[in-house]
Amino acid sequence: MTTPPSARRVDCLEEILTTYHRYGHAHYGESVSELEHALQCATFALRAGEPAVLIAACLLHDYGHLRHGLGEDCADRGIDAGHESIGAAALAPHFQPALVAGVALHVEAKRYLCFAEPEHLARLSPASSQSLRLQGGPHDAAAARAFLAHPHSALALRVRRYDELGKVPGMTTPSLDAFRDVLLAALRPERDAAVAQS
Ligand SMILES: [Fe+2]
């Protein structure tokens, strides 16, 4: 028999879902909103049969964009908000380390792919090209080796590939609430979460 999630864990999910409902209309220079982008990335991962933790990482990978408070035009003003670190820090007390690593590393995965696969660099949207410059540009060989040595680099690369797909104007996806069970499955076990918060 599965244990029902505690009130605290449900609260953390409600805060995340409310944040997307409240601030997910922002666009960050792309042709889809943050909420549409999150849902599309998660939907592509779902359709590919990915595990819950990866689908949830796709859904939440840009959560930091909704929390940094610098505005959706910050890249136009030459600011790298470091959204991957902000999102990972906010999610770390609640979610499994693999999800947190996928969020934290998805920018490094983009920098790696732009080094390793010239076609990935060529396909970037204008907004993604702009942010790449602020994020340090494509890896060099040493940075690529360091990235690949991370135990969650493969997961982060998968997140990044779905990230790049999730920019389709008008695409039909499940609603945010439809991913509630996926998010619940990606939460840390209760005892881990208590230690991470202490
Ligand atoms: Fe993204």
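These notes cover the structure that comes with them. (Residues numbered from 1 in each chain as written. Predicted model: local features only at pLDDT ≥ 70, side-chain atom pairs only at ≥ 80, totals over all residues. Heavy atoms only, no water.)

Regarding helix α4 (residues 83-91)
Thought 1: Within the sequence span of α4, burial applies to His83, Glu84, Gly87, Ala88 and Leu91. The buried residues of α4 occupy an angular sector of 125° when projected down its axis, which confines them to one face. (Buried < 20%, exposed > 50% of the residue type's maximum accessible area, 1.4 Å probe, protein only. Helix = DSSP H or I, 4+ residues; strand = E, 2+ residues; numbered from the N terminus. Arc of directions from axis to C-beta.)

Examining the pattern of salt bridges
Side-chain pairing between opposite charges can occur once the charged atoms of the two side chains come close.
Thought 1: Counted according to the given criterion, the structure contains nine salt bridges.
Thought 2: Taking the shortest distance from any N to any O, the salt bridge between Arg111 and Glu108 comes out at 3.1 Å. Highlighted residues: Arg111 and Glu108, both in helix α5 (residues 97-116), separated by three residues, approximately one helical turn.
Thought 3: The partner of Glu164 in a salt bridge is Arg160, with the nearest N and O atoms 2.3 Å apart. In this pair, Glu164 and Arg160 both sit in helix α9 (residues 153-165), four residues apart, roughly one turn of the helix. By the burial criterion, Glu164 is buried, and Arg160 matches it.
Thought 4: What you see here is one network of salt bridges that share partners, running through Arg160, Asp163, Glu164 and Lys167. (Salt bridge = Lys/Arg side-chain N within 4 Å of Asp/Glu carboxyl O.)

Quick word on the nonpolar core
Side chains that are nonpolar tend, in soluble globular proteins, to be buried together.
Thought 1: Residues Tyr20, Leu59, Leu60, Leu91, Phe95, Leu99 and Leu183 are the most contacted members of the largest nonpolar core, which totals 37 residues.
Thought 2: Only α1 (7-23), α2 (34-47), α3 (52-60), α4, α5, α9 and α10 (180-185) provide two or more residues apiece to this core.
Thought 3: Examining the composition of this core, we find that eight residues originate from one element, α3, more than from any other.
Thought 4: In contact with Tyr20, not counting residues within four places along its chain, are Leu35, Ala38, Leu59, Leu60, Asp62, Tyr63, Leu66 and Leu176.
Thought 5: Judged by nonpolar contacts, the second largest core, of nine residues, contains Leu105, Leu113, Phe147 and Leu157. (Core = buried A, V, L, I, M, F, W, Y, C linked by side-chain atoms within 4.5 Å. Contact = heavy atoms within 4.5 Å.)

What about the coordination of the iron ion?
Thought 1: Bound to the iron ion are the protein donor atoms His37 (NE2), His61 (NE2), Asp62 (OD) and Asp163 (OD), situated 2.1 to 2.3 Å from the metal.
Thought 2: Angles of 78 to 175° at the metal separate the four donor atoms of the iron ion, which places the site in the irregular class.
Thought 3: Counting along the primary sequence, the residues that act as donors to the iron ion give the motif H-x23-H-D-x100-D. A residue pair is termed long-range when its members are at least 10 positions apart, and His37 in helix α2 and Asp62 in the loop between α3 and α4 qualify at 25 residues. Considered together, His37 and Asp62 belong to a single accessibility category, that of buried residues. (Donors = N, O, S within 2.8 Å, 3.2 Å for Na, K, Ca; no water. Tetrahedral: all angles 85-135°; square planar, octahedral: opposite > 155°, others 65-115°.)

A closer look at the packing of aromatic side chains
Thought 1: For the coordinates displayed, the defined rule picks out two aromatic pairs.
Thought 2: Here Arg47 stacks its cationic end above the ring of Phe44, 5.8 Å away from the centre of that ring. (Phe/Tyr/Trp six-rings, centres within 6.5 Å; stacked < 30°, edge-to-face > 60°. Lys NZ or Arg CZ within 6 Å of the ring centre and 35° of its normal.)

Quick look at the environment of Ala38
Thought 1: By the element assignment, Ala38 lies in helix α2.
Thought 2: Remark: the alpha-carbon pair of Ala38 and Gly87, spanning 49 residues in sequence, is separated by 13 Å.
Thought 3: Non-local contacts of Ala38, meaning those with residues more than four positions away in its chain, are made with Tyr20, Cys58 and Leu59.

Quick look at the side chain of Ser33
Thought 1: Here Ser33 lies in the loop between α1 and α2.
Thought 2: Note on Ser33: relative accessible area 9%, which makes it buried.
Thought 3: A polar contact is formed between the side chain of Ser33 and the backbone oxygen of Gly24, at a distance of 3.3 Å.
Thought 4: Those residues in contact with Ser33 that lie beyond four places of it in its chain are Gly24, His25, Ala26 and His27. (Polar contact = N/O pair within 3.5 Å; in protein donor to acceptor, adjacent residues only side chain to side chain.)

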